[in-house]
Amino acid sequence: GQNIDQPTEMTATEGAIVQINCTYQTSGFNGLFWYQQHAGEAPTFLSYNVLDGFEEKGRFSSFLSRSKGYSYLLLKELQMKDSASYLCAALDGATNKLIFGTGTLLAVQP
Amino acid sequence: DTGVSQDPRHKITKRGQNVTFRCDPISEHNRLYWYRQTLGQGPEFLTYFQNEAQLEKSRLLSDRFSAERPKGSFSTLEIQRTEQGDSAMYLCASSLVGLYTPGELFFGEGSRLTVL
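Conventions we followed
- Residues numbered from 1 in each chain as written.
- Chains lettered and ligands numbered in written order.
- Predicted model: local features only at pLDDT ≥ 70, side-chain atom pairs only at ≥ 80, totals over all residues.
- Heavy atoms only, no water.
- Helix = DSSP H or I, 4+ residues; strand = E, 2+ residues; numbered from the N terminus.
- Buried < 20%, exposed > 50% of the residue type's maximum accessible area, 1.4 Å probe, protein only.
- Contact = heavy atoms within 4.5 Å.
- Areas by Shrake-Rupley, 256 points an atom, 1.4 Å probe, with all protein chains shown as cover.
- Lys, Arg positive; Asp, Glu negative; His and termini not counted.
- Charge placed at Lys NZ, Arg CZ, Asp CG, Glu CD.
- Core = buried A, V, L, I, M, F, W, Y, C linked by side-chain atoms within 4.5 Å.
- Buried area = accessible area lost by both parts, 1.4 Å probe.
- Salt bridge = Lys/Arg side-chain N within 4 Å of Asp/Glu carboxyl O.
- Polar contact = N/O pair within 3.5 Å; in protein donor to acceptor, adjacent residues only side chain to side chain.
- Nonpolar A, V, L, I, M, F, W, Y, C, P; charged D, E, K, R; others polar.
- Disulfide = S-S within 2.5 Å.
- Pairing = 2+ DSSP bridges.
- Axes fitted to C-alpha atoms, helices over the stretch in contact; angles between N-to-C directions.

**With respect to the overall build of chain B**
Broken down by element type, chain B carries zero helices and 13 strands. Reported as C-alpha extents along the three principal axes, the dimensions of chain B are approximately 45 × 25 × 25 Å. For chain B, with 116 residues in total, the buried portion stands at 45%. In chain B, 53% of the contacts between residues at least 6 apart in sequence involve partners at least 24 apart. About 6,100 Å² of surface is accessible on chain B, with carbon and sulfur atoms providing 47% of the total. Each charge class in chain B was averaged separately, 14 positive and 14 negative side chains, and the resulting centres sit 7 Å apart.

Shown next, in the form of structure tokens:
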């Protein structure tokens, strides 16, 4: 089966660091994506991990452990504009279909 | 090419009417996906195409839903005899899948359907 779990909501303070966790179970696995989605807008790509370890892109970095079925997204130096939903998605290796979690709604407070 | 475009952006219809959404993917992309998203949820997979072939259709799609991609370019998603439960954002995405590309999905802005 396929299952993606991530927290529903998180709150953090401007300038701080926040970690959003994701666990996944898929019948085949070919990578883990993180997308950002602001209210009323389309999801936009943030990061992709296929091997264990970190990927860094500016203030955003992501980590993957394939053996544990676990990933996290790390956001540094939080800004108010980072308030959004963060979607974890696993790529099914057999079908190349992207399966999404429900998203984590992050609220950044002053 | 400026990305994936969808039309219309908003559609309000009465229950029982038919609606059709159009998606124009990024031109060099070979895969096209349809997802549905309701408030507070992540996108749910509906169906996808490799060029003009429809490769998979989710169990979420009843017989009232049909999707086509006749020439491997744009795609249409039609919902017949709409029901209030069909109210959602319908997202289209495209990707380039190859030996060295992971198939990152690029999403359109979505078509929001409201069934009264």
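**Brief notes about the nonpolar core**
Counting 22 residues, the largest nonpolar core has Leu32(A), Trp34(A), Leu75(A), Tyr86(A) and Leu106(A) as the members making the most contacts within it. Looking at this core, the elements that each hand over two or more residues are β3 (18-25), β4 (32-37), β7 (60-65), β8 (70-75), β9 (84-91) and β11 (104-109) of chain A. In this structure, Val19(B), Ile26(B), Leu77(B) and Val115(B) belong to the second largest nonpolar core, which totals 19 residues.

**Description of the interface of chain A and chain B**
With 17 residues of chain A at the contact, the number on the chain B side is 20 residues. Three residues stand out in chain A for area buried against chain B, namely Asn96(A), Lys97(A) and Phe100(A), and they jointly supply 30% of the buried area on that side. In this structure, the salt-bridge partner of Lys97(A) is Glu56(B), at a minimum N-O distance of 2.5 Å. On the surface where chain A and chain B come into contact, there are five residue pairs in polar contact (both at pLDDT 80 or more). When residues in the side of chain A that touches chain B are grouped by element, the largest group, three residues, is from β4(A). When grouped by side-chain class, the residues that make up the side of chain A that touches chain B number 10 nonpolar, five polar and two charged.

**With respect to the state of the cysteines**
All names here are of chain B. As enumerated under the stated definition, the model contains two disulfides over all chains in all. A disulfide bridge connects cysteine 23 with cysteine 92, and the sulfur atoms are separated by 1.9 Å. Disulfide cysteine 23-cysteine 92: the torsion about the S-S bond is -70 degrees, which places it as left-handed. With cysteine 23 in strand β3 (residues 19-24) and cysteine 92 in strand β9 (residues 88-95), this pair connects stretches of sequence that are 69 residues apart.

**Points about the sheet that holds strand β6 (residues 53-57) of chain A**
Where strands meet in a sheet, backbone hydrogen bonds hold them as pairs that are either parallel or antiparallel. All names here are of chain A. In space, the five strands of this open sheet follow the order β1-β3-β8-β7-β6, with antiparallel pairing throughout. The outermost strands of the open sheet, each flanked by one partner alone, are β1 (3-5) and β6. In this sheet, neighbouring strand axes are inclined to one another by 15 degrees on average, regardless of whether the strands run parallel or antiparallel. As paired elements, β3 and β8 share six bridges and run antiparallel to each other.

**Side note on the sheet that holds β3(B)**
All names here are of chain B. If you walk across this open sheet you meet the four strands as β1-β3-β8-β7, and the pairing is antiparallel. The strands lining the two open edges of the sheet, one partner per strand, are β1 (5-7) and β7 (65-68). Neighbour to neighbour, the strand axes of the sheet diverge by 15 degrees on average, direction disregarded. By the bridge criterion, five bridges tie β3 to strand β8 (residues 75-79) in an arrangement that is antiparallel. Bridging across to β8, cysteine 23 finds its partner in serine 75.

**Concerning the pattern of salt bridges**
All names here are of chain B. Scanning the model with the defined rule gives seven salt bridges over all chains in all. Close ionic contact of aspartate 24 with arginine 22 constitutes a salt bridge, the shortest N to O distance being 2.8 Å. Via salt bridges that share partners, Arg64, Glu83 and Asp86 belong to a single interconnected network.

**Here we look at the side chain of Ser94(B)**
Residues and elements named next belong to chain B. In this fold, serine 94 is placed in strand β9. Residue class for serine 94 comes out buried when judged on its relative accessible area of 0%. The contact partners of serine 94, leaving out residues within four places of it in the chain, are Val4, Pro25, Ile26, His29, Arg31, Leu32, Glu104, Leu105 and Phe106.

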